[in-house]
Amino acid sequence: MLKKYLIHPSPYGALRLLASELGLAGIYFSEHKHLQLDSAWQADSNDALLKDAAQQLDAYFAGQLREFDLPLDCTQGTPFQQEVWRALQTIPYGEVRSYSAVAQQIGRPNAIRAVGAANGRNPLSIVIPCHRVIAANGDLQGYAGGLENKRRLLLLESRQ
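Just so it is clear, the model here is predicted, and its values are computed rather than measured.

> Sorry if this is basic, but what is going on with the pairing of strand E3 (residues 24-29) here?
For a regular strand, side chains alternate in direction, first toward one face of the sheet and then toward the other. The element E3 is largely enclosed, with a buried count of 6 among its 6 residues. Hairpin connection, strand E2 (residues 15-20) to E3: the antiparallel pair is bridged by 3 residues, and Gly-23 has positive phi, about 150 degrees.

> What should I look at first to understand the side chain of Asn-122 in this one?
Examined against the element boundaries, Asn-122 turns out to sit in the loop between helix H4 (112-120) and strand E6 (133-134). On the basis of relative accessible area, Asn-122 is assigned to the buried category, the value being 2%. A polar contact of 2.9 Å, which involves the side chain of Asn-122, links it to the backbone nitrogen of Leu-124.

> What is the right way to read the packing of aromatic side chains from this model?
Think of a pair of aromatic rings as described by two things: how far the centres are apart, and how the planes are tilted against each other in angle. Tallied over the full model, the rule gives 5 aromatic pairs. Ring geometry for Tyr-60 and Phe-61: centres 5.6 Å apart, planes at 65 degrees, overall edge-to-face. Classification of Tyr-60 as buried rests on a relative accessible area of 0%. Judged by relative accessible area, which is 11%, Phe-61 ranks as buried. Here a set of aromatic residues connected by ring pairs shows up, and it is made of Tyr-12, Tyr-60, Phe-61, Phe-68 and Tyr-93.

> Help me understand the sheet that holds strand E1 (residues 3-8) in this model?
Strands pair in a sheet through their backbones, by hydrogen bonds, and they do so in one of two ways: parallel or antiparallel. Taken together, the 4 strands give an open sheet; going across it, the order is E3-E2-E1-E4, and neighbouring strands pair in mixed fashion. Each end of this open sheet is capped by a strand with a single partner; those strands are E3 and strand E4 (42-43). Both E1 and E4 contribute to a ladder of 2 bridges, which runs parallel. Residue pairing across strands places Lys-4 opposite Gln-42, the latter belonging to E4.

> Where do I start with the nonpolar core in this structure?
A general tendency of soluble globular proteins is for nonpolar side chains to be buried together. Counting residues in hydrophobic clusters, the biggest one holds 43 residues, and the most contacted among them are Leu-17, Tyr-60, Phe-61, Val-84, Leu-88 and Ile-126. A total of 8 residues in this core trace back to one element, the largest contributor, which is helix H1 (residues 48-61). If near-sequence neighbours (up to four positions away) are discounted, Tyr-60 is found in contact with Leu-65, Phe-68, Tyr-93, Ile-126, His-131, Leu-153, Leu-156 and Glu-157. Listed in part, the 5 residues of the second largest apolar core include Tyr-5, Leu-18, Tyr-28 and Trp-41.

> Sorry if this is basic, but what is going on with unusual backbone geometry here?
The general pattern is negative phi for most residues beyond glycine and trans for most peptide bonds. Positive phi values are uncommon outside glycine, yet Ile-126 reaches one of about 75 degrees. Inspection of the secondary structure assignment puts Ile-126 in the loop between H4 and E6. A residue is classified by how much of its surface remains accessible, and Ile-126, at 1% relative accessible area, is buried. Here the phi dihedral of Gln-141 falls at roughly 55 degrees; this positive angle occurs in a residue that is not glycine. For Gln-141, the position within the fold is in the loop between E6 and helix H5 (147-158).

> I keep staring at the pattern of salt bridges and nothing clicks. Help me out?
In a structure, side chains of opposite charge can pair up when their charged atoms sit close to one another. Inspection of the entire model under this criterion finds 6 salt bridges. A salt bridge links Arg-108 to Glu-83, with the shortest nitrogen-to-oxygen separation between them at 3.6 Å. Here Arg-108 is found in the loop between helix H3 (99-105) and H4, whereas its partner Glu-83 is found in helix H2 (residues 79-88), with 25 residues between them in sequence. Residue Glu-157 pairs with Arg-132 through a salt bridge whose shortest N-O separation is 2.8 Å.

Here is what the cut-offs are and how they apply
Residues numbered from 1 in each chain as written. Predicted model: local features only at pLDDT ≥ 70, side-chain atom pairs only at ≥ 80, totals over all residues. Heavy atoms only, no water. Buried < 20%, exposed > 50% of the residue type's maximum accessible area, 1.4 Å probe, protein only. Helix = DSSP H or I, 4+ residues; strand = E, 2+ residues; numbered from the N terminus. Pairing = 2+ DSSP bridges. Polar contact = N/O pair within 3.5 Å; in protein donor to acceptor, adjacent residues only side chain to side chain. Phe/Tyr/Trp six-rings, centres within 6.5 Å; stacked < 30°, edge-to-face > 60°. Core = buried A, V, L, I, M, F, W, Y, C linked by side-chain atoms within 4.5 Å. Contact = heavy atoms within 4.5 Å. Salt bridge = Lys/Arg side-chain N within 4 Å of Asp/Glu carboxyl O.

Rendered as structure tokens:
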């Protein structure tokens, strides 16, 4: 299987963008907790999908893009994780949801911690907006890309 990556500068530090034959497979901050790369991943600064993803991220950071239009590869997640990631994609730009609200949305109101764990394993930070999920009391809580990046992403979206 084709596995390519590109390291792209951003206002949040270097982002590692990953692509497979199926689509964009990952967006990871430099300090991301769950980045797993093996020798099968090859750097490719000319890959069309990775270049498109980088351009769309730049537009997002500039406040010019609210919705991404990229093929996504979310096949590495469990069925439960994929269900949570689909729910995250329904959270509108500039809005937040609690972990509890996401658990209720997927029909598993008692799975709040499992939703949090799935949220933290989201391989497509920003594009699948896990930063838009906060605690019921308004606290930011965890973010695999770092709480400061989560705070900054929410601030960026609140300005639009």
